[in-house]
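Coordinates in review
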Amino acid sequence: MPATKALDPAVDALSERLGADRLERAAPLAPHTTFKIGGPADLMYRALTQDELAAAVRAARELEIPFFLLGLGANILVGDGGFRGLVIKNDVDTIEWLDDTRVRAGSGVKIYHDLIQMTVARGLGGLQHYVGIPSTVGGAVWQNLHFLSPPPERERTMFIEEVVEGATIVTEEGEIRRVDNAYFEFGYDYSVLHVRPDVVLDVTFRLEPTPREVMRDTIRENLAWRDDRHPDLWLYPSAGSIFQKIEGVGAGRLIDQCGLKGHVLGSAQIFHKHANIIVNLGGATSADVRALIELAQTTVQRELGYELKTEIGMVGEF
Ligand SMILES: Cc1cc2nc3c(=O)[nH]c(=O)nc-3n(C[C@H](O)[C@H](O)[C@H](O)COP(=O)(O)OP(=O)(O)OC[C@H]3O[C@@H](n4cnc5c(N)ncnc54)[C@H](O)[C@@H]3O)c2cc1C
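What counts and what doesn't
Sequence order as written defines the numbering, with residues in each chain counted from 1. With the structure being a predicted model, the display of local features is reserved for residues of pLDDT at least 70 and the display and counting of side-chain atom pairs for 80 or more, all residues being used for whole-chain, interface and lining totals. By convention in this description, side-chain values take in all heavy atoms of the structure and omit both hydrogens and water. Working definition of a nonpolar core: buried Ala, Val, Leu, Ile, Met, Phe, Trp, Tyr and Cys residues. They are joined through side-chain atoms within 4.5 Å. Accessibility here uses a 1.4 Å probe with only protein chains present; expressed as a share of the type maximum, an area under 20% marks a residue as buried, one over 50% as exposed, and anything in between as partly exposed. Labels follow the DSSP assignment, with helices taken as runs of H or I lasting at least four residues and strands as runs of E lasting at least two, numbered in each case from the N terminus. Pairs of residues are marked as contacts when any of their non-hydrogen atoms sit within 4.5 Å. Two strands qualify as a pair provided that DSSP identifies no fewer than 2 bridges between them. Orientation is described by axes fitted as lines to C-alpha atoms, over the contacting stretch for helices, and by angles from 0 to 180 degrees between their N-to-C directions. One heavy atom within 4 Å of a molecule or strand is enough for the residue carrying it to be called near that molecule or strand. By the criterion applied in these results, polar contacts are pairs of N or O atoms within 3.5 Å in which, for protein atoms, one can donate a hydrogen and the other can accept it, and in which residues neighboring in sequence qualify only through two side-chain atoms. Residue burial considers only the protein chains on display, and all accessible areas are found by Shrake-Rupley using a 1.4 Å probe. Each domain span listed reflects an automatic or database assignment of domains. By this rule, a helix spans an expected 1.5 Å times one less than how many residues it contains. Note on definitions: the grid is 1 Å and covers protein atoms alone; a cavity is a set of points where a 1.4 Å probe fits but cannot get out; a pocket is an open set with protein on both sides within 12 Å along at least five of seven lines; lining residues have an atom within 4 Å of a point. Grid points are joined across faces, edges and corners, and a volume is the space filled by probe spheres set on the points. Note on residue categories: nonpolar means Ala, Val, Leu, Ile, Met, Phe, Trp, Tyr, Cys or Pro, charged means Asp, Glu, Lys or Arg, and polar means any other residue, Gly included. Put simply, a salt bridge is a Lys or Arg side-chain nitrogen that is within 4 Å of an Asp or Glu carboxyl oxygen.

**Side note on the nonpolar core**
Ranked by internal contacts, the top residues of the largest apolar core, which has 36 residues, are L127, V137, I160, F184, V203 and F205. Among the secondary structure elements, those contributing two or more residues to this core are β7 (102-106), α3 (111-121), α4 (137-143), β11 (164-170), β13 (199-206) and α5 (212-229). Per-element accounting of this core gives the leading share, four residues, to α3. Excluding anything up to four places from it in sequence, V137 contacts A105, G106, S107, V109, I111, L115, V203 and F205.

If you want it as structure tokens, here you go:
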């Protein structure tokens with residue numbers, strides 16, 4: 001029996017609350033991920049405003065329908081079996097200036113393009129380091145988006161937490177709360193959202209007046225850096241780094257040392273320029289990607305004694 005059948009009574013109630021015409025059934029998820037991989041969601045709802053996002057989260061919780069909140073899908077691998085339940089696609093794209101240096105962005109705002117362009121144009125720095133990284137505001141807070149400090153040092157890792165002043169969230173109990181930076185307990189590739197099922201509705205960023213030319217230099221340098229090392233998403237869909245950082249060693253270097261750079265399984269490849277990235281060569285399945293992940297993990301463990309842990313989220317049925 002299709003999983004949507006089992007959900008039907010709850011789906012009827014959900015349709016009433018969110019609007020039947022707004023719920024898409026058997027919605028393909030692959031186009032909504034940067035990997036371009038993954039089966040359908042039983043149901044998909046695109047939240048366009050913060051009220052809609054909060055209402056969808058509350059409705060799913062109250063009706064006990066499993067849900068997944070989807071940003072740009074740049075840090076996940078969706079299983080070929082898709083997702084049983086409701087995928088809430090976050091398209092909340094409001095941007096509001098609170099004063100000269102503080103901006104409040106809806107959690108579905110794309111950092112690259114929308115927010116960076118707007119803040120650089122106003123002469124405000126802090127977000128330009130993350131140019132070229134596909135991310136919504138919510139996804140950035142979830143993972144504490146990071147990148148290397150500008151050249152010539154390129155030594156320090158910069159984190160989005162450095163410019164987050166606070167946020168509005170919906171808690172597990174459905175309460176809407178304003179929280180400050182400390183609430184998120186930010187760490188490397190970590191925020192409290194990994195263990196608390198809050199949903200971020202908006203984030204307030206506090207930025208620094210910075211000469212536009214300095215920011216434009218950073219943007220140019222960072223885009224060139226990415227161009228050299230990272231796959232172009234149009235040619236090689238991917239989810240960025242697959243494995244967590246191993247301090248002082250580098251997961252990619254270990255995989256490379258084992259001779260796996262460029263290795264192909266099915267239609268997925270360990271990227272030939274950067275071994276911590278797996279790319280979709282066209283028509284790859286989640287099974288192809290999982291097989292490459294397992295191959296890298298077992299080979300590196302056997303030959304070099306390091307344990308590779310995945311950084312990306314596994315979503316749905318594999
Ligand atoms: C080519 C490429 C390069 C990359 N380079 C980098 C890099 O340099 N640095 C870096 O840090 N990352 C990098 N990444 C990874 C990715 O861009 C980030 O992790 C990004 O923040 C993911 O955002 P998203 O909106 O796509 O989140 P999604 O992948 O859609 O979701 C990721 C997780 O966040 C949760 N989530 C999303 N929105 C919310 C919300 N509003 N409230 C609560 N939870 C939420 C989701 O439920 C999910 O669990 C790269 C990815 C790619 C494809």
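**As for the sheet that holds strand β3 (residues 67-70)**
Spatially, four strands are ordered β1-β2-β5-β3 in an open sheet, and the strand pairing comes out mixed. Only two strands of the sheet have a single partner each, and these edge strands are β1 (23-28) and β3. Each neighbouring strand pair of the sheet contributes to a mean axis angle of 35°, computed without reference to strand direction. As paired elements, β1 and strand β2 (residues 40-47) share five bridges and run antiparallel to each other. Directly across from L23, in β2, lies its bridge partner Y45.

**Thoughts on the site of the ligand**
The environment of the ligand is formed by 32 residues, the closest being L69, P134, T136, H146 and R226. In this structure, an oxygen atom belonging to the ligand sits 2.9 Å away from a main-chain N or O atom of N75. Within the backbone of V200, one N or O atom sits 2.9 Å away from a nitrogen atom of the ligand. Computed on the free molecule, the ligand has an accessible area of 990 Å², of which 94% lies beneath the protein chains in the complex.

**Points about the domain arrangement of the protein chain**
Along its sequence, the protein chain is organised into domain 1 (3-90), domain 2 (95-226) and domain 3 (232-315). The C-alpha centroid of domain 3 is placed 27 Å from the C-alpha centroid of domain 2.

**A short note on α5**
With 18 residues, α5 should reach 26 Å at 1.5 Å per residue; the first-to-last C-alpha distance of 26 Å fits that figure. Buried positions along α5 lie against α3, β8 (124-125) and β9 (146-148).

**What to know about empty space enclosed by the protein**
Per the counting criterion, the structure on display carries one cavity of 30 Å³ or more. Space inside the largest cavity adds up to approximately 30 Å³. As for the largest cavity, its lining consists of L29, T33, F68, L70, I76, V78 and V315. Residue classes in the lining of the largest cavity are distributed as six nonpolar, one polar and no charged.

**Description of the pairing of strand β12 (residues 176-180)**
Looking at chain direction, β11 and β12 are connected through five bridges and run antiparallel. Along β12, the bridge assignment pairs T168 with R178. Between β11 and the antiparallel strand that follows it, β12, lie five residues; G174 among them carries a positive phi value of about 90°.

**Here's the deal with the environment of V192**
Within the secondary structure, V192 is located in the loop between β12 and β13. The class of V192 is buried, set by a relative accessible area of 4%. When the C-alpha atoms of V192 and A59 are compared, they prove to be 23 Å apart, with 133 residues separating the residues in sequence. If we ignore the near neighbours within four places in the chain, the residues touching V192 are Y183, F184 and E185.

**A few points about the pattern of salt bridges**
The full count for this structure, using the stated rule, is 18 salt bridges. Across the pair R102 and D99 runs a salt bridge whose closest N-O atoms are separated by 2.9 Å. Linking E213 and R220 is a salt bridge whose minimum nitrogen-to-oxygen distance equals 3.3 Å. When salt bridges that share partners are traced, they join D99, R102, E165 and R206 into one network.

**Examining the pairing of β13**
By the criterion of burial, β13 is predominantly enclosed, with seven of the eight residues buried. When β7 meets β13, the two strands line up antiparallel, connected through five bridges. Looking across to β13, one finds that R102 is bridged to R206.

**Digging into the environment of E185**
Mapped onto the elements, E185 comes out in the loop between β12 and β13. If sequence neighbours within four positions are ignored, E185 has contacts with Y190, S191 and V192.

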